[in-house]
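Notes for the structure review
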Protein chains: 2
Amino acid sequence: MSATVRRVTVDHDSAVPPYRQLAAILRDRIASGDPAPGAALPSAKTLRQEYGVAETTARKAVALLRDEGLVETIMGGGSFVAKH
Amino acid sequence: MSATVRRVTVDHDSAVPPYRQLAAILRDRIASGDPAPGAALPSAKTLRQEYGVAETTARKAVALLRDEGLVETIMGGGSFVAKH
DNA sequence: CCCTATTTGTTCGTATGTATT
DNA sequence: AAATACATACGAACAAATAGG
């Protein structure tokens, strides 16, 4: 019974663009409760470091989640997981 | 009875970001029937030249209209005024 | 209240990939 | 095959809002 290992990185050689991959990763993290509703997502700068993408790419990923209503952003404050 | 002259350019010193100004300009143009429904908007490159903004900024303006359902974009083809 | 660091918003320029014409 | 057009990425820069001491 070997557990399935899921790679949690961004693959720049994939057909799926990095910003969509990162959005998917963040969606999964939120679905698993980390970060929890009301809690902040990592900053764009942190996402850049953690996933090896440009800061602008990280922002684009978060913007996608914002458009989906999954997160709410406060300018200068951060992006937070929506509660409802 | 002097007609009101409306400036149709992007002001980089305005509080309103250029991409929003350009989106408003294009909205007005579409509302006035130019371009007409089904017709193509100027390309991002043309918008760059006509309004003095970066191509990426022009794309962001068009993306806004796309999100509003005002235009439809065909990759490699162009952006067209929605018909309904 | 002030100063500083952090964080998001936006722009620009450049480069590459992919689809259309 | 070539030119045009959209999609995406990266890096650098500055503004504006926020957070913390």
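Residues numbered from 1 in each chain as written. Chains lettered and ligands numbered in written order. Predicted model: local features only at pLDDT ≥ 70, side-chain atom pairs only at ≥ 80, totals over all residues. Heavy atoms only, no water.

**Remarks on unusual backbone geometry**
Backbone torsion omega between Asp34 of chain A and Pro35 of chain A reads 10°, so that peptide bond is classified as cis. Within the secondary structure, Pro35 of chain A is located in the loop between helix H1 (18–31) and helix H2 (44–51). (Helix = DSSP H or I, 4+ residues; strand = E, 2+ residues; numbered from the N terminus.)

**Remarks on the pairing of strand S1 (residues 71–74) of chain B**
One face of the sheet, then the other: side chains in a regular strand alternate in exactly this way. Residues and elements named next belong to chain B. As paired elements, S1 and strand S2 (residues 78–81) share four bridges and run antiparallel to each other. By the bridge assignment, Glu72 is partnered in S2 with Phe80. Where S1 folds back onto S2 in an antiparallel hairpin, the turn is made up of three residues, including Gly76, whose phi is positive at roughly 80°. (Pairing = 2+ DSSP bridges.)

**Overview of the protein's contact with DNA strand D**
All names here are of chain A. Around DNA strand D there are 23 residues in total, and His12, Pro18, Tyr19, Thr57 and Met75 lie nearest to it. Among all atoms of DNA strand D positioned within 4 Å of the protein, those belonging to sugar or phosphate total 78%. Contact distances for DNA strand D include 2.9 Å between a phosphate oxygen and a backbone N or O atom of Ala54. Looking at side-chain class alone, the surface near DNA strand D contains nine nonpolar, 11 polar and three charged residues. (Near = heavy atom within 4 Å. Polar contact = N/O pair within 3.5 Å; in protein donor to acceptor, adjacent residues only side chain to side chain. Nonpolar A, V, L, I, M, F, W, Y, C, P; charged D, E, K, R; others polar.)

**Overview of helix H3 (residues 55–67) of chain A**
All names here are of chain A. Helix length check: H3, at 13 residues, gives a terminal C-alpha distance of 18 Å against a target of 18 Å (1.5 Å per residue), a fit within 8%. Of the positions making up H3, those classed as buried are Ala58, Ala61, Val62, Ala63 and Leu65. The inward-facing, buried residues of H3 abut H1, H2, strand S1 (71–74) and strand S2 (78–81). (Expected span 1.5 Å × (residues − 1). Buried < 20%, exposed > 50% of the residue type's maximum accessible area, 1.4 Å probe, protein only. Contact = heavy atoms within 4.5 Å.)

**Structural notes on the packing of aromatic side chains**
Taken as a whole and assessed by the stated rule, the structure comprises zero aromatic pairs over all chains. Positioned over the ring face of Tyr19 of chain A is Lys60 of chain A, at 4.6 Å from the centre of the ring. (Phe/Tyr/Trp six-rings, centres within 6.5 Å; stacked < 30°, edge-to-face > 60°. Lys NZ or Arg CZ within 6 Å of the ring centre and 35° of its normal.)

**With respect to the environment of Ile25 of chain B**
Residue and element names in this part refer to chain B. Here Ile25 is to be found in helix H1 (residues 18–31). Taking the relative accessible area as the measure of exposure, Ile25 reaches 10% and is therefore buried. Linking Ile25 and Val8, residues 17 residues apart in sequence, is a C-alpha distance of 6.9 Å. Those residues in contact with Ile25 that sit more than four places away from it in its chain are Val8, Thr9, Val10 and Tyr51.

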